[in-house]
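# Understanding the architecture of this molecule
Chain by chain, the residues:
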Amino acid sequence: MRAIRGLWRWRRNPLRRTTDLAEAWVALVALVLITVAAPVTGCLVGAVAQDSLQRTVREQQHTRHLVAATVVRDLGEAPLDTDPDATTVREPRHRVLADWTAPDGSRQHGAALADLKTPHTGDHFSLWTDPQGRITTRPLDSPTATTHAVLAGFGTALLIGGLIEGVRRLAVWRMVRRRYARWDQAWDRAGPDWGKAGTGS
């Protein structure tokens, strides 16, 4: 709104300088781009991210399987949670040596993370694996993918808006510097005549 008022104020003002009008136009263009281009770009990026992430969701849900595993022995508490997409509250997890059957029917044996408070030999727990039985993380779910897509679109819109504002400030700064340089040149030309009789006649 300030840019629009500025354009109207300088439209037919006898004191208007070319740089005043240029600054107002730069502000107006920046305002239009921030209110139109930034949200549109954010929506496009969000839509592309949503499409890509939902494809990943479908692929992971097709290729990752929840299988039952049996504890052979406890290996101690796990130091870190290796499943960053888990939506549940953090639960105590233990590293255990376990046996499980892969979706392709092969028998597997190895270290795994079990969400058991006190795992004992013979206890059962669930495990995400690929078709060959290799341990993997749980598949990405659709709501989480949508959240990531929305954040990507919102972040892009903010980034574009900030970039446009930065370019506007740089353009105005350069115009002001140029204006001051012209003022200095004008003062330099007028300076030697200060105080002399008949100056300007």
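Up top is the structure.
Presented here is a report on the structure given in the accompanying data block. (Residues numbered from 1 in each chain as written. Predicted model: local features only at pLDDT ≥ 70, side-chain atom pairs only at ≥ 80, totals over all residues. Heavy atoms only, no water.)

## Quick notes on the overall build of the protein chain
Assigned secondary structure in the protein chain consists of 3 helices and 4 strands. Reading the protein chain from its N end, one meets helices and strands in the order α-α-β-β-β-β-α. Taking all 201 residues of the protein chain together, 26% fall into the buried category. Contacts in the protein chain between residues at least 24 apart in sequence constitute 66% of all its contacts with a sequence separation of at least 6. (Helix = DSSP H or I, 4+ residues; strand = E, 2+ residues; numbered from the N terminus. Buried < 20%, exposed > 50% of the residue type's maximum accessible area, 1.4 Å probe, protein only. Contact = heavy atoms within 4.5 Å.)

## Points about the pattern of salt bridges
Applying the stated criterion across every chain yields a total of 4 salt bridges. Across the pair Asp-130 and Arg-134 runs a salt bridge, and its minimum N-O distance is 2.9 Å. For Asp-130, a relative accessible area of 14% translates into the label buried. Between Arg-169 and Glu-165 there is a salt bridge, with the nearest N and O atoms lying 2.9 Å from each other. Taken as a pair, Arg-169 and Glu-165 lie in helix H3 (residues 142–190) at a separation of 4 residues, close to a single helical turn. Assessed through its relative accessible area of 54%, Arg-169 is described here as exposed. Counted as one network, the salt bridges with shared partners bring together Glu-165, Arg-168 and Arg-169. (Salt bridge = Lys/Arg side-chain N within 4 Å of Asp/Glu carboxyl O.)

## Focus: the environment of Asp-123
As for its position among the elements, Asp-123 is in the loop between strand E3 (107–114) and strand E4 (124–129). A relative accessible area of 25% places Asp-123 in the partly exposed class. Taking the C-alpha atoms as reference points, Asp-123 and Ala-98, 25 residues apart in sequence, are found 9.5 Å from one another. If sequence neighbours within four positions are ignored, Asp-123 has contacts with Ala-69, Thr-70, Val-71, Leu-116 and Thr-118. Separated by 2.8 Å, the side chain of Asp-123 and the backbone nitrogen of His-120 make a polar contact. (Polar contact = N/O pair within 3.5 Å; in protein donor to acceptor, adjacent residues only side chain to side chain.)

## Some thoughts on helix H2 (residues 18–63)
For H2, with 46 residues, the first-to-last C-alpha span of 65 Å sits near the 68 Å given by 1.5 Å per residue. Largest kink in H2: about 35°, centred on Leu-33. (Expected span 1.5 Å × (residues − 1). Bend = angle between axes of the 7 residues up to and from the residue.)

## Things to note about the nonpolar core
Core analysis: the biggest nonpolar cluster contains 11 residues, these being Val-67, Ala-69, Val-71, Val-96, Ala-98, Trp-100, Ala-112, Ala-114, Leu-116, Phe-125 and Leu-127. Where this core is concerned, the elements lending two or more residues are strand E1 (65–77), strand E2 (94–101), E3 and E4. Leave out the neighbours within four places in its chain, and Ala-69 touches Ala-98, Asp-99, Trp-100, Asp-123, His-124, Phe-125 and Leu-127. (Core = buried A, V, L, I, M, F, W, Y, C linked by side-chain atoms within 4.5 Å.)

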